[in-house]
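# Structure at a glance
Okay, here's what each chain looks like letter by letter:
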Amino acid sequence: MRPAYDLVVVSNRLPVDYQPGAADSEQWRPSPGGLVTALEPVLRERGGVWVGWPGVADLEVGPFEIDGMPLIPVPLSEQDVERYYEGMANGTLWPLYHDVIVSPEYHRQWWEAYLEVNRRFAEAALAVAAPGATVWVHDYQLQLVPRMLRDARPDLVIGFFNHIPFPAHGLFSQLPWRRQIVEGLLGADVVGFQRTADASNFRRAVQRLTHLRIRGDLIELPQEGREVLARPFPISIDAGAYQELAKRPDIWARAKEIRRELGDPKVVLLGVDRLDYTKGILHRLKAFGELLEDGDLDVADVALVQIAAPSRERVESYKHLREEVEMMVSRVNGDFSSLGRPPITYLHQGYPRDEMVAFYLAADVMLVTALRDGMNLVAKEYVASRVDLHGALVLSEFAGASDELRQAVLVNPHDIDGLKAGILQAARMPPGEQARRMKAMRRRVISHDVQRWSATFLGALSGENRGDG
Ligand code: GDG
C-alpha cells in the first residue's frame, strides 16, 4: 500500500531542478523558491507531500525525496508540454489573465490536453491523500483539479491559490471554457487570490455564469451543503532569509564590486524579471532612453542593470519579446554609450540568490514596471534586503505589491511621461526620504512574510476566520 499523507501540495512544477548527466544522488537539486520555503516547514510538521511535474518532458521517474521532503512526480509527454503547458497554460490563460497584453489563442486541442493533464494531477493527489487530508492546489495550470478532487473524495479539505491576476468578467468571458473553469475552482473550500480586485472579479464571474448566491466572501452551494470562501491572501517572501543575506559582509563586498564594475556611477538603477511581456521591460527601457535623450539623466552618472531571466523560450510571443528588448537595449546603448561605458547592462541569465541580493544592495533605484502582475516578489525582496534603509522603489500600480507597498514611487507604466517623472523622483530622492519610505515598507514586508501567508491560508482552510468578509 502507498503511504497516505495528511497534507498534499499540488503545483505544476515540483520544487526541484533536473541536472542531466549528474550522478544519481545529484540528479535533483532543490530549486529554492518562496513557495518551498513557506511550505517546507508545514509539510514536515504535518507529514506532507508535494505532487508536481519534474520539469522534463518524457521522463518517467518514481516518487523520491529531497532534503527529506517526499515528492510525487507527475509525468508530461512532449505533446503534453506543447499543448497543456506552452499552449493552454501559457498561450491561452496567461495572456487572458494578464488583461490580454498579447492576444490569447483558443484551441480545442489545447483545452483537451489541459483537461487530461489536470485529471492526471488530480489522480496523483488522490492516490496519496489520507482520509480527511488537506489538499492545496496552486495556480492557473490546475484550475480543474479542485472539482475533480471534490467529486472523487468529498472527505478532503481543498484549497486553491491563484498566483496570477483573475481578469474582469468582460475579458474572462472570452474563454470558451469559462464555465468549466469556474466550476473547477468551486470544487475548493477556499479559493485564494493575490488582490481584493482578483477575488471580486472571480465572484463576479461566478455570479454571471452560475445561479449561486453570494454573501460577502462566501459563495453558497446549497445542493452540496457547503460554502466556498473566495478572498485575497497576498503572497509574500521569506523576509528573514533576505535580511540575513543582506547582513553578510561578503555580499556587501560583492555589491560594492558590482558598482565598481559599472564604473562607480552616482546612481545605479536595477530591473530583475523573468523575460515576460507582463513585466513592462520595454516601457522601462523606453522611459530610461528618453531621460538620457532629454538630458535629465547623464550617462556619466547613471547605469541601468537589467537582469532578464530566460523564460518560456519556445512560446512565440516570448521569442518576439526577446528580440524587441534586445533591439531596444542596443539602440539606447548605441546612441548613448561612451567607450567602455554603456548606459544599460543587459544580462539574459539567472543568478543564485546571494548574487541577487548583492544586486539589490548595489541598486539605488529598483524598477518594477509590470503592466500586470499578480504580486511581484522582486519588489518585496528589494525592500527586505535594504537593511540599511537606502534605496527607492519605483512600483507599478498594476502589480499586486502596490496594494501593500504604498510608500513606493507608484507609477502607471503606460504613461511614459509619468514613468519618467517617477524614475527621476526616485533617482533624486534625498536620503532622509528614502529611509522614511523604506522603513514603512520594510515593516509591512517583515510582518507579512510568506510564513504568515501560508499559516493564514491553511487557517482559513481549517475554518478560522470564515464568515462574511
Ligand atoms: C508569479 C506571478 C507572483 C528571478 N530571476 C532570478 C530569480 N528570480 C526570482 C525572483 C523572485 C521570482 O524569481 C520571481 O517572482 P515574481 O513574483 O517577481 O514573478 P513571477 O515569476 O512572474 O511569479 C507573480 C508570483 O508568482 C508568486 O505568487 O508574485 O505575480 O507572476 O523570487 O527573485 N531568482 C534567482 N535568480 C534569478 O536570476 N535566484
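All of these numbers come straight from a predicted model, not from anything done at the bench. (Residues numbered from 1 in each chain as written. Predicted model: local features only at pLDDT ≥ 70, side-chain atom pairs only at ≥ 80, totals over all residues. Heavy atoms only, no water.)

## Side note on the sheet that holds strand β17 (residues 392–396)
- Strand order across the open sheet formed by 6 strands is β15-β14-β13-β16-β17-β18, with parallel pairing between neighbours. With partners counted over all chains shown, the strands left at the sheet margins are β15 (344–347) and β18 (409–411), one partner each. Mean inter-strand twist for the sheet, computed between neighbouring axes without regard to direction, equals 20°.
- Alignment of strand β16 (residues 365–368) against β17, held across 4 bridges, turns out to be parallel. Across the sheet, Leu367 pairs through a bridge with Val394, a residue of β17.
- Across the sheet, helix α14 (residues 416–427) lies against β13 (267–274), β16, β17 and β18, angled at about 170° from β18, the strand it touches most. (Pairing = 2+ DSSP bridges. Helix = DSSP H or I, 4+ residues; strand = E, 2+ residues; numbered from the N terminus. Axes fitted to C-alpha atoms, helices over the stretch in contact; angles between N-to-C directions. Contact = heavy atoms within 4.5 Å.)

## A look at the sheet that holds strand β6 (residues 69–73)
- Taken in spatial order, the 10 strands of this open sheet run β5-β6-β4-β1-β7-β8-β9-β12-β11-β10, and their pairing is mixed. A strand with exactly one partner marks an edge of an open sheet, and here the two such strands are β5 (64–66) and β10 (213–215). Averaged over all pairs of adjacent strands, the angle between their axes in this sheet comes to 25°, without regard to strand direction.
- Inspection of the sheet shows strand β8 (residues 157–161) paired to strand β9 (residues 190–193) by 3 bridges, in the parallel sense. When the bridges of β9 are listed, Phe160 appears paired with Val191.
- On top of the sheet, helix α4 (residues 145–152) reaches β7 (129–138), β8, β11 (218–221) and β12 (226–232); it is set at about 175° to β8, its chief contact.
- Here helix α7 (residues 196–209) sits on the sheet and contacts β9, β10, β11 and β12; the angle it forms with β12, its principal contact strand, is near 145°.

## Concerning the side chain of Gln143
- Note that Gln143 resides in the loop between β7 and α4.
- Note on Gln143: relative accessible area 0%, which makes it buried.
- A polar side-chain atom of Gln143 sits 3.2 Å from the main-chain carbonyl oxygen of Tyr140.
- The contacts of Gln143, once residues within four sequence positions are left out, are Leu93, Tyr97, Tyr114, Asn118, Phe160, Phe166, Ile181, Gly184 and Leu185. (Buried < 20%, exposed > 50% of the residue type's maximum accessible area, 1.4 Å probe, protein only. Polar contact = N/O pair within 3.5 Å; in protein donor to acceptor, adjacent residues only side chain to side chain.)

## A closer look at helix α6 (residues 178–185)
- Burial in α6 covers these residues: Ile181, Val182, Gly184 and Leu185. All buried residues of α6 fall inside an arc of 160° around its axis, so they share one side. (Arc of directions from axis to C-beta.)

## Some remarks on the domain arrangement of the chain
- Split into domains, the chain comes out as domain 1 (5–235 + 451–461) and domain 2 (239–447).
- In this structure, domain 1 and domain 2 have C-alpha centres spaced 30 Å apart.
- Counting from both sides, the interface comprises 24 residues of domain 1 and, opposite them, 25 residues of domain 2.
- A combined buried area of about 1,900 Å² lies between domain 1 and domain 2, and 52% of that area is made up of carbon and sulfur atoms.
- Summed over the three residues of domain 1 that lose the most area to domain 2, namely Trp94, Ile101 and Arg195, the buried surface amounts to 33% of that side.
- As a salt-bridge pair, Asp403 and Arg195 come within 2.9 Å of each other at their nearest N and O atoms.
- There are 12 residue pairs in polar contact (both at pLDDT 80 or more) connecting domain 1 and domain 2.
- For the side of domain 1 that touches domain 2, the element with the highest residue contribution is helix α2 (residues 78–97), accounting for 8 residues.
- Of the residues that constitute the side of domain 1 that touches domain 2, the class distribution is 12 nonpolar, 6 polar and 6 charged. (Domains from an automatic or database assignment. Buried area = accessible area lost by both parts, 1.4 Å probe. Salt bridge = Lys/Arg side-chain N within 4 Å of Asp/Glu carboxyl O. Nonpolar A, V, L, I, M, F, W, Y, C, P; charged D, E, K, R; others polar.)

## As for the environment of Val10
- The topology assignment puts Val10 in strand β1 (residues 5–13).
- The exposure class of Val10 is buried, given its relative accessible area of 0%.
- In this structure the C-alpha to C-alpha distance between Val10 and Ala122, which are 112 residues apart in sequence, comes to 8.5 Å.
- Those residues in contact with Val10 that sit more than four places away from it in its chain are Val51, Phe121, Ala125, Val135, Trp136, Val137, His138 and Leu142.

## Observations concerning the packing of α6 against α7
- Axis separation between α6 and α7 bottoms out at 10 Å; the angle between their running directions is 115°. α7 is crossed by α6, and the crossing has left-handed handedness. Contact residues: Arg178, Arg179, Val182 and Leu185 in α6; Phe202, Ala205, Val206 and Leu209 in α7.
- Here the contact of α6 with α7 is built from residues that sort into 6 nonpolar, no polar and 2 charged. (Left-handed = near helix turned anticlockwise from the far one by under 90°.)

## Description of the nonpolar core
- Val8, Phe121, Leu149 and Phe202 are the most contacted members of the largest nonpolar core, which totals 102 residues.
- Residue contributions to this core peak at 11 residues, all from helix α3 (residues 108–128).
- The residue makeup of this core includes at least three contributed by each of domain 1 (5–235 + 451–461) and domain 2 (239–447).
- With sequence-adjacent residues up to four places away left out, Phe202 is seen in contact with Phe166, Leu185, Leu186, Val191, Phe193, Ile219 and Ala230.
- Counting 71 residues, the second-largest nonpolar core is a separate cluster that includes Leu229, Ala303, Val305 and Ala401. (Core = buried A, V, L, I, M, F, W, Y, C linked by side-chain atoms within 4.5 Å.)

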